[in-house]
Amino acid sequence: MSKDYFVHESAFVDDGARIGKGTKVWHLCHVMPGAQIGERCSLGQNVVVMPGTRIGNNVKIQNNVSIYEGVTLEDDVCCGPSCVFTNVMHPRSHISRKNEYLNTLVRRGASIGANATIVCGSTLGEYSFIGAGAVVIADVPDFALMVGVPARRVGWACQCGERLQLSGGRGKCPRCGWTYEEVGGVLRAVDRPAGSS
């Protein structure tokens, strides 16, 4: 029976892993038992997906990323090269802490830049944008543009990725035309161009 997804000959997909239609698993990847990967995903070279992880549809994971147990990536998430997830707060080689794993949730449409670190127990909001090399240690609001160590919000990003310029608490994306409103430190889309999802 032919598969409806692609696995490179150098990659390993263990029995018990579930992979959706149209997904591509590239060179030297390892997808472990119990991992769930949605449709139309792309796993770049040397990606490891551990048991108990859930990856939505249309997720792009660049080279050298490990998705550890307790991490959930919703639809349309983008993980840049060598970004890092953790799953325990106080790791020690000589002490087993598998019962202390903290969950990490990356909401729909979020992007994580190259070499960024996401400390476990955090939720990254929808369409948030984590800059390259940032270290996220707390929850991130929807549409937040985060940079630095530790990461701090320096602005807002449109669902298309463009940095937003707000005036009087409102702004329109010059690239895609979505309009946003900020109220009480929360940004929400208030008008979407015709034909957008």
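Check the entry above for the structure.
A brief report on the enclosed structure follows. Quantities reported herein were computed from a predicted structural model and do not represent experimental measurements.

## Re the overall build of the protein chain
Working step 1: The secondary structure content of the protein chain amounts to zero helices and 25 strands.
Working step 2: Against the globule reference of 16 Å for 197 residues, the protein chain gives a C-alpha radius of gyration of 18 Å, in line with a compact fold.
Working step 3: Once the C-alpha set of the protein chain is aligned to its principal axes, its extents read approximately 55 × 45 × 20 Å.
Working step 4: With 197 residues in all, the protein chain has 38% of them scored as buried.
Working step 5: Residue pairs at least 24 apart in sequence account for 14% of intrachain contacts in the protein chain once pairs closer than 6 positions are excluded.
Working step 6: With an accessible surface of roughly 10,400 Å², the protein chain has 48% of that area assigned to carbon and sulfur atoms.
Working step 7: Within the protein chain, one finds 20 positive and 17 negative side-chain charges whose respective centroids are separated by 4 Å.

## A look at the pattern of salt bridges
Working step 1: Under the definition given, this model contains eight salt bridges.
Working step 2: For Glu100, the salt bridge goes to Arg97, with nearest N and O atoms at 3.4 Å.
Working step 3: A single network of salt bridges, built from pairs that share partners, joins Glu74, Arg107 and Glu126.

## Some words on the sheet that holds strand 16 (residues 111–112)
Working step 1: As summarised here, the arrangement of the nine strands in space is 1-4-7-10-13-16-19-21-22, forming an open sheet in which the pairing is mixed. In the strand order of this sheet, the two ends are held by strand 1 (6–7) and strand 22 (152–156), each with one partner.
Working step 2: Pairing geometry for strand 7 (residues 42–43) and strand 10 (residues 60–61), over two bridges, is parallel. Following the sheet pairing, Leu43 is matched in strand 10 by Ile61.

## Side note on the packing of aromatic side chains
Working step 1: The full count for this structure, using the stated rule, is four aromatic pairs.
Working step 2: On the basis of an interplanar angle of 70 degrees and a centroid distance of 5.1 Å, the ring pair of Phe143 and Tyr180 is categorised as edge-to-face. Taken together, the residues Phe143 in the loop between strand 20 (135–136) and strand 21 (144–147) and Tyr180 in strand 24 (residues 179–183) connect sequence positions 37 residues apart.
Working step 3: Residue class for Phe143 comes out buried when judged on its relative accessible area of 7%.
Working step 4: A ring pair is formed by Trp178 and Tyr180, whose centres lie 6.0 Å apart and whose planes are at 35 degrees; its orientation type is tilted.
Working step 5: Members of the aromatic cluster, each reached through a chain of ring pairs, are Tyr127, Phe143, Trp178 and Tyr180.
Working step 6: Seen from the ring of Trp156, Arg153 lies directly overhead, with NZ or CZ sitting 4.0 Å from the centre.

Reading guide: rules and limits
- Residues numbered from 1 in each chain as written.
- Predicted model: local features only at pLDDT ≥ 70, side-chain atom pairs only at ≥ 80, totals over all residues.
- Heavy atoms only, no water.
- Helix = DSSP H or I, 4+ residues; strand = E, 2+ residues; numbered from the N terminus.
- Rg over C-alpha atoms; globule rule 2.2 N^0.38 Å.
- Buried < 20%, exposed > 50% of the residue type's maximum accessible area, 1.4 Å probe, protein only.
- Contact = heavy atoms within 4.5 Å.
- Areas by Shrake-Rupley, 256 points an atom, 1.4 Å probe, with all protein chains shown as cover.
- Lys, Arg positive; Asp, Glu negative; His and termini not counted.
- Charge placed at Lys NZ, Arg CZ, Asp CG, Glu CD.
- Salt bridge = Lys/Arg side-chain N within 4 Å of Asp/Glu carboxyl O.
- Pairing = 2+ DSSP bridges.
- Phe/Tyr/Trp six-rings, centres within 6.5 Å; stacked < 30°, edge-to-face > 60°.
- Lys NZ or Arg CZ within 6 Å of the ring centre and 35° of its normal.

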